[in-house]
Amino acid sequence: MLHKDAMLPLNGWLNRSKTKRKASHFPTGFFIREVLTVLACFMIGRAVLFNQIAPFGMALYAILLSKRKGGLSAFLAVSAGLLSFHFGLQAVRSIIAMLLFCIVWACIGKKAGRWSVFRTAITVMLCLLSVYMVFSLMNGFLLYEVLIGLFESIVGFVMVYIFYRTADVLWDSKRRKVLSGEEMICLSIFLSLLIIGFWDIAVFNFSLQNILAVFLILLFAYMGGAGTGAAIGITTGFMLSLSSTPDPVLMGNLAICGLLAGTFKELGRPGSSIAFFLTNVLMTYYINRSTYIILPFGEIAGAVFLLMILPRKTIQFLKRFLSSGLMRADDQEAYGKRVQELTVGRLNEFARVFRHLSKVFGRISERSTSDGQEELSKLIDKVVCHTCKGCPLYRSCWERGFFRSYNNMFELMSVCEEKGYIEEKDVSQGMKRFCLQINNLVENINVLYHTYCTNLKWQQKLGDCRQLVAEQLEGVSHVVTELAAELDMDVRFRSGMEDAIRLELDKNGISVTEVLVLEKPGGKTEVNIHKPACGGNRECLKKVEAIVSQVLGKAMSRRHRDCTRAGKSDCTLHLSETRKYEIITGVARQPRHDSSTCGDSYSFTSVKDGKYMLALSDGMGSGARAAEESSAVISLMENFMEAGFNQNITIKTINSILMLRSREEMFATADLCVMDLVEGQAQFIKIGGVPSYIRRKGRVEIIRQPALPIGILEEVQLESISSPIQDEDMIVMVTDGILDAFTAVGDGEQALADFIATLDTVNPQELSDSIMQEALFHSDEEAKDDMTVMTGRVWSPY
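Conventions adopted
- Residues numbered from 1 in each chain as written.
- Predicted model: local features only at pLDDT ≥ 70, side-chain atom pairs only at ≥ 80, totals over all residues.
- Heavy atoms only, no water.
- Pairing = 2+ DSSP bridges.
- Helix = DSSP H or I, 4+ residues; strand = E, 2+ residues; numbered from the N terminus.
- Axes fitted to C-alpha atoms, helices over the stretch in contact; angles between N-to-C directions.
- Contact = heavy atoms within 4.5 Å.
- Core = buried A, V, L, I, M, F, W, Y, C linked by side-chain atoms within 4.5 Å.
- Buried < 20%, exposed > 50% of the residue type's maximum accessible area, 1.4 Å probe, protein only.
- Salt bridge = Lys/Arg side-chain N within 4 Å of Asp/Glu carboxyl O.
- Polar contact = N/O pair within 3.5 Å; in protein donor to acceptor, adjacent residues only side chain to side chain.
- Patch = residues over 30% accessible without salt bridge, like charges linked within 9 Å, V, L, I, M, F, W, Y side chains within 5 Å.
- Areas by Shrake-Rupley, 256 points an atom, 1.4 Å probe, with all protein chains shown as cover.
- Expected span 1.5 Å × (residues − 1).
- Left-handed = near helix turned anticlockwise from the far one by under 90°.
- Nonpolar A, V, L, I, M, F, W, Y, C, P; charged D, E, K, R; others polar.
- Phe/Tyr/Trp six-rings, centres within 6.5 Å; stacked < 30°, edge-to-face > 60°.

Participant: I would appreciate a short explanation of the sheet that holds strand S8 (residues 582–590) in the present structure.
Facilitator: Neighbouring strands of a sheet are bound in pairs by backbone hydrogen bonds; such pairs are parallel or else antiparallel. Ordered by their spatial adjacency, 5 strands build an open sheet running S8-S17-S16-S13-S14, and the pairing between neighbours is antiparallel. Two strands close off the open sheet at either side, each with one partner strand: S8 and strand S14 (699–703). On average, adjacent strands in this sheet sit at an angle of 20 degrees to one another, irrespective of strand direction. Where strand S13 (residues 692–696) meets S14, 5 bridges bridge the pair, whose relative direction is antiparallel. Looking across to S14, one finds that isoleucine 694 is bridged to glutamate 701. The strands touched by helix H26 (residues 748–758) are S13, S14 and strand S16 (730–734); relative to S14, the strand with the most contacts, the crossing angle is about 145 degrees. Here helix H27 (residues 764–778) sits on the sheet and contacts S8, S13, S16 and strand S17 (787–795); the angle it forms with S8, its principal contact strand, is near 25 degrees.

Participant: Please clarify how the nonpolar core should be interpreted in this entry.
Facilitator: The biggest cluster of nonpolar side chains holds 82 residues, and the ones touching the most others in it are Phe56, Tyr61, Phe101, Phe163, Leu193 and Phe276. Ranked by residues supplied to this core, first place goes to helix H9 (residues 208–224) with 13 residues. Judged by nonpolar contacts, the second largest core, of 25 residues, contains Ala741, Ala775, Met787 and Val789.

Participant: Would you mind going over the pattern of salt bridges with me for this structure?
Facilitator: As a working rule, side chains carrying opposite charge can pair if their charged atoms are close by. Taken as a whole and judged by the stated rule, the model has 11 salt bridges. In this structure, arginine 704 and glutamate 749 form a salt bridge, with 2.6 Å as the shortest nitrogen-oxygen distance. Taken together, the residues span a long stretch of sequence, with arginine 704 in the loop between S14 and strand S15 (721–724) and glutamate 749 in helix H26 at a distance of 45 residues. For arginine 793, the salt bridge is made with glutamate 728, and the minimal N-O distance between the two is 2.7 Å. Taken as a pair, arginine 793 in strand S17 and glutamate 728 in the loop between S15 and S16 lie far apart in primary sequence, 65 residues in all.

Participant: What is the right way to look at the sheet that holds strand S9 (residues 600–607) in this model?
Facilitator: Reading across from one edge, S9-S10-S11-S12-S15 is the order of the 5 strands in this open sheet, with antiparallel pairing throughout. Each having just a single partner strand, S9 and S15 make up the two edges of the open sheet. Direction aside, neighbouring strands of the sheet carry axes that sit 15 degrees apart on average. The strands touched by helix H23 (residues 623–642) within the sheet are S9, strand S10 (611–618) and strand S11 (670–676), with S9 carrying the most contacts at an inclination of about 10 degrees.

Participant: I keep staring at unusual backbone geometry and nothing clicks. Help me out?
Facilitator: Leaving glycine aside, a negative phi is the common case for residues, and trans is the common case for peptide bonds. If you check the backbone angles, glutamate 728 has positive phi at about 70 degrees while not being a glycine. One non-glycine residue, glutamate 781, adopts positive backbone phi at about 60 degrees. Secondary-structure assignment places glutamate 781 in the loop between H27 and S17.

Participant: Explain the side chain of arginine 46 to me, please; I cannot follow it from the model alone.
Facilitator: Relative to the assigned elements, arginine 46 resides in helix H2 (residues 28–46). Here the side chain of arginine 46 touches serine 84 through a polar contact of 3.0 Å, side chain to side chain.

Participant: How do you make sense of a nonpolar patch on the surface when you look at a structure like this?
Facilitator: A cluster of nonpolar residues, Phe31, Ile32, Val35, Leu36 and Leu39, forms a patch on the protein surface that exposes about 450 Å² of accessible area. Mapped onto the elements, leucine 36 comes out in helix H2.

Participant: Please explain the side chain of threonine 120 as it appears in this structure.
Facilitator: Residue position: threonine 120 is located in helix H6 (residues 117–138). We classify threonine 120 as buried; its relative accessible area is 1%. Setting aside anything within four residues of it in sequence, one finds threonine 120 in contact with Ala62, Ile63, Ser66, Phe101, Trp115 and Val160.

Participant: Please clarify how H26 should be interpreted in this entry.
Facilitator: Two residues of an α-helix separated by three or four positions point the same way, owing to the 3.6 residues in each turn. Among all positions in H26, only Gly748, Ala751, Leu752, Ala753, Phe755 and Ile756 are buried. Of the surrounding secondary structure, the elements contacted by the buried residues of H26 are S13, S14, S16, helix H25 (736–742) and H27.

Participant: Explanation requested: H27 in the structure shown.
Facilitator: Here H27 spans 22 Å end to end across 15 residues, near enough to the 21 Å set by a 1.5 Å rise per residue. When we look at burial in H27, the residues that qualify are Pro764, Leu767, Ser768, Ile771, Met772, Ala775, Leu776 and His778. Residues of H27 that are buried make contact with S8, S13, S16, H25, H26 and S17. Two or three places before glutamine 765, at the opening of H27, asparagine 763 has a side-chain oxygen 2.9 Å from that residue's backbone nitrogen. Two residues or fewer after H27 comes aspartate 780, characterised by a positive phi angle close to 60 degrees.

Participant: Help me understand the environment of valine 124, please; the structure alone is not making it clear to me.
Facilitator: Checked against the element boundaries, valine 124 lands in helix H6. Judged by its relative accessible area of 0%, valine 124 falls in the buried class. When the C-alpha positions of valine 124 and methionine 58 are compared, they lie 7.7 Å apart, and in sequence the two are 66 residues distant. In this view, valine 124 contacts Met58, Ala62, Phe101, Gly156 and Val160; residues no more than four positions away in its chain are not counted.

Participant: Sorry, what's going on with the packing of H9 against helix H11 (residues 248–263) here?
Facilitator: For any two helices packed against each other, the geometry comes down to the angle between their axes and how far apart the axes lie. Closest axis-to-axis distance for the H9/H11 pair is 8 Å, and the angle between their directions is 35 degrees. The handedness of the crossing between H9 and H11 comes out as right-handed. Counting all contacts with H9, which are made through Ile217, Leu218 and Ala221, the residues of H11 involved are Leu254, Gly258, Ala261 and Gly262. The class makeup of the residues in the contact of H9 with H11 is 5 nonpolar, 2 polar and no charged.

Participant: Just to check I follow, could you spell out the packing of aromatic side chains for this structure?
Facilitator: We describe a pair of aromatic rings using the distance from one ring centre to the other and the angle between the two ring planes. For the structure on display, the rule yields 10 aromatic pairs. Relative to phenylalanine 190, the ring of phenylalanine 163 has its centre 5.9 Å away and its plane inclined at 90 degrees; by these criteria the two rings are edge-to-face. One end of the pair, phenylalanine 163, is in helix H7 (residues 143–170); the other, phenylalanine 190, is in helix H8 (residues 181–196), and 27 residues separate them in sequence. Residue phenylalanine 163 is classed as buried on the basis of its relative accessible area of 0%.

Written out as C-alpha cells, the structure is:
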C-alpha cells in the first residue's frame, strides 16, 4: 500500500478543482487548460522511440508535479497513453516508476523549500533505472536490457530539462511574447513528440501523424521561410524515423519540401502549399523513379486544409514568437535609434546644466552691482569714525544735529565724486562754524574716497567677469542645443535595398564584405560598400556605380573619383546621388593699399549630400586683425558644413562662438551660398554681406538681404533666399570694397550688375579678374578697402 502522504499529489488536482468551483464556479479558461494538459500528457505517454524506449510521459509528469501544474489528472493521462500502446510489461514498469517518483517527491520534494530542476531530473533517472534493474533481475539480468534501461534513464534525465523549458512557455500564467532560442528548440521537440503520439491513429485510412507532421512543416515554412522550413522538415522526419523503421527517404523528402515551401512563402499559404505538393510529386515520380508514393497526396491535402482554416490572427501571433526567437532583422536599426536618442538626451542635459550655470552667475553679478550702491553710506560712516569719534562736539553734531551733519557730509561726497578730491574751500561756511576738525576731515575724505574708488573699480571688473562667464555659459548652452537638434535626425536603414545590391553585385562577380544603405531626411540616399580592393582597375567606376544605380532606380556616383586604395587589400566606396550639375570657381583678391594682408577670407568646397558651398567673409577694418576674424568665420563654416550641419544652424552657432570670444568689437560678415547640385537649387544667406549676382542668359539677377554682421547681436535673424540654378549660370559674390569702388559711377549695386552683363566670358576666373580690374580702375588703381570677387560657373555634364 502507498503511504497516505504519497497520495497527496495525486489528490491535489481534485482538491484544487473543488476550491476553484467554490470560488469561481469552474472558470472556462481553467477547464480548457486542464483538458489540453490531459491531452498533451496522453499523447506524450504514447510517444516511443525504437519501439521500446518511452520515458517521455514520466518526464512530463515529473515536471508538472514539481511545478504544481498537475497531479492525479496528469498521472492518469500518462498512464492511459502508456496502456493504449499495448506495451504490457513495459507500460507497467513506467507506471511503477511514476509512482516511485510521486512517493519521493511527496516525502522530500514537497517539503523542501526549493526543489531544483536538477533534482527532478536526477530523481527521474534513478526511478527509471531502479525499476528497470529490478525487472531485469526478475528476468535473468540480460546485459541488453540493462543497457536499454540505462539509455532510457539518460533520455528521461534530458527530457526533464526539455519539458521544463516547454512548461515555462505553455503553462506559464503570464502571456509570453518573446522566446529564447533554447525555448524554441525545446518547444519544437515537444511538438514532434506530440505528433509521434498519433502514430497509429488514422482518418479515412490516412495517417493523422503524417498529416500533423506536414502541417507543422508547412506552418513553420510559411512563417519563417526556406531555412526554417528545411530545419523543421529534417527534424520532424528524423523524429518520425526514430519512432518507427528508419526511413532516410522520408527525412530528405520532408526537408526539401519544407525548403521549397518556405521559398514561396511570399505567395501566401496557397503558394507554400502548392510548392510543397509539387516538390513531393517531383520526389515521388522523378527521383524515386517508381510508383511508390513517399508521402500520400491525401495526407498533404489534409495538412493544407488545416493550414488554410487556421485563423490569420493565430498565424500573426505565432509569427511574433518566431521573429523574436529566430530573426533579429530590426534590432540593429532599433539599437541605432536608441543610441541616437540617448546621445541627444545627454547633449540636452548638458545644455540645461550650462544654462543653469549661466543664470547663477547672472544673479551673482546683479547682486554685486546692487551691493556697490550701499558702499557710499559705509564710506560716510568710515569718515565719521576716523574724524569725529574723539571730537568734543561729536554728540552735538551726530546726536542732536544728525540730519544737518549727514547732509553736509553727503554734499562733500558729491563734490568729491565730481572733482575726484575736495579742498578746504569746498566746505560750507555753516559746517566750518560747527566743525573743529576741518583739515582732518578733508584729508580723511580724500584718502577714504580714493580707497573706495579703487575697491569699486575692482568690484566692477569682477562683476564684468562674472557677467562674461554667464554670457559664455549661455552661449555654450545654445551651441550644444543646436548640435543636439542636428543629431536628432531621422536616418533609416534600408535592409531590403542592401540585400538587392549585394545580390546584383554578386551576379556580376563582385564580392562585397558589407553594404549599408542610408535614407536621410529629405529622401537623399547614401550607399557605403566595403569590398576587396580591385588593384586600381577602377571596378567602382566601371561596374559598381551602374549596378547600384540600377537597383535603387536613381543615378548614384562616388564622391571622390580618384582611386585612393591602390595597392591596399580592401576598399570602402561612398556613393551618393549623382549631381545634376557641376561647378568650377575663380577668385580675385586685392588688399587695401596700405596693407599687405587682405582682411577678406573665402572658401569654395563640396559638402555632404551633393551640395557645394561658396562663402565670403569680410572682417571689420582691414589688415591682419580683420583677416583673423574673417578666417575664423570661414574655417568654422567649412567645418560645420562638411560635417553635414544645416546652414542656418551653422550661422547661428558661429555667431554664438564669436560672441564668446571677447567683449571687444570683433565683427565679420558672413556671405554664404549653398547649392544643391542634385536638385538644382541655390540658397543664399547674408549676414552683413553685400548683394550677390546671378548672370543667366544675358540678364543679371541681384540677390539682396540686409542684416547686421555676426558677432554683434546674441540672436541673428536668418532669412534664406532660394533660387533655381540652370546650366551655364554664373554666380558672383563680392565684398563691400568692390561695391564701394563702383559707387564712383552711380548706384554701386546696379553699376556692378550692368558691368557683369557686358562680360562675354564663361571662364569664372576671367570674369573675377575683369570685375577686379574695373573696380581698381574706378578707384584710381588704389584699393580703398580689401576687395574680393568669387565667381562660380554652373554647368551640366549630361
